[in-house]
Amino acid sequence: MNISRTSILCLAFGDPIAAIVGIQVGGPNLYSNSRSSVEGGQNKTGGKSISGCLACFGICCVVAMMCMHEYGPKLWFLTGLTATAMEVLESFFCPCAAVDDNLLIPVGTSSVLWIYIQYCI
């Protein structure tokens, strides 16, 4: 139960905070996304900024600390790292695959956490 709750909360808080920080703070992009969006009448090329990824990592670590406090800092760090990796990994799939980070973050994070808890603790 804690694994699924943590994974869904990482999506609910980490992904939007990463987008907000990435847009507001900006900074260098890790890559340019081939998808473009129209916001406010302007075309903006999508991409993942370093500041947005760091925000997602921090928020997901805090989410893990709140939901899975009994497991300790290694698991909190792993949760933040996995959720952030899933967010970045979304854009490396070909555009025809249509894999969204809204699917990758909870499924990937919960899979990694389950494997870690079952076999490493």
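The coordinates are above.
Residues numbered from 1 in each chain as written. Predicted model: local features only at pLDDT ≥ 70, side-chain atom pairs only at ≥ 80, totals over all residues. Heavy atoms only, no water.

Undergrad: An account of the packing of helix H3 (residues 73-89) against helix H4 (residues 101-119) is requested, with residue identities and associated values reported.
TA: It is the contact of H3 with H4, at a shortest axis distance of 8 Å, that shows an interaxial angle of 150°. The two elements H3 and H4 meet at a crossing, and its hand is right-handed. Only Asp 101, Leu 104, Ile 105, Gly 108, Thr 109, Val 112, Leu 113, Tyr 116 and Ile 117 of H4 make contact with H3, whose side of the interface consists of Lys 74, Leu 75, Leu 78, Thr 79, Thr 82, Ala 83, Met 86, Glu 87 and Leu 89. (Axes fitted to C-alpha atoms, helices over the stretch in contact; angles between N-to-C directions. Helix = DSSP H or I, 4+ residues; strand = E, 2+ residues; numbered from the N terminus. Left-handed = near helix turned anticlockwise from the far one by under 90°. Contact = heavy atoms within 4.5 Å.)

Undergrad: So what about the pattern of salt bridges? Which residues, and what values?
TA: Tallied over the full model, the rule gives two salt bridges. Taking the shortest distance from any N to any O, the salt bridge between Lys 48 and Glu 87 comes out at 4.0 Å. Taken together, the residues span a long stretch of sequence, with Lys 48 in strand E2 (residues 42-49) and Glu 87 in helix H3 at a distance of 39 residues. In this pair, the class of Lys 48 matches that of Glu 87, namely buried. (Salt bridge = Lys/Arg side-chain N within 4 Å of Asp/Glu carboxyl O. Buried < 20%, exposed > 50% of the residue type's maximum accessible area, 1.4 Å probe, protein only.)

Undergrad: Explain the environment of Glu 87 residue by residue, including any values.
TA: Glu 87 gets classed as buried once you look at its relative accessible area, which sits at 4%. Separated by 31 residues in sequence, Glu 87 and Cys 56 place their C-alpha atoms 8.6 Å apart. Setting aside chain neighbours within four positions, we find Glu 87 in contact with Asp 15, Ala 18, Lys 48, Cys 56, Asp 101 and Ile 105.

Undergrad: Can you break down the packing of aromatic side chains residue by residue, with the values?
TA: Applying the stated rule across the entire model yields two aromatic pairs. Seen from their ring centres, Phe 57 and Phe 77 are 5.4 Å apart, and the 80° between their planes marks the pair as edge-to-face. Separated by 20 residues along the polypeptide, Phe 57 in helix H2 (residues 50-67) and Phe 77 in helix H3 bring together distant segments of the chain. Assessed through its relative accessible area of 22%, Phe 57 is described here as partly exposed. Residue Phe 77 is classed as partly exposed on the basis of its relative accessible area of 47%. Ring centres of Trp 114 and Tyr 119 lie 6.2 Å apart, and the angle between their planes is 90°; this geometry places the pair in the edge-to-face category. The exposure class of Tyr 119 is exposed, given its relative accessible area of 63%. (Phe/Tyr/Trp six-rings, centres within 6.5 Å; stacked < 30°, edge-to-face > 60°.)

Undergrad: How would you explain H3 if you had to name every residue and give the values?
TA: Here H3 contains 17 residues, and its C-alpha end-to-end distance of 24 Å stays within 8% of the 24 Å for a straight helix at 1.5 Å per residue. Within the span of H3, buried status applies to Leu 75, Trp 76, Leu 78, Thr 79, Gly 80, Thr 82, Ala 83, Thr 84, Met 86, Glu 87 and Val 88. (Expected span 1.5 Å × (residues − 1).)

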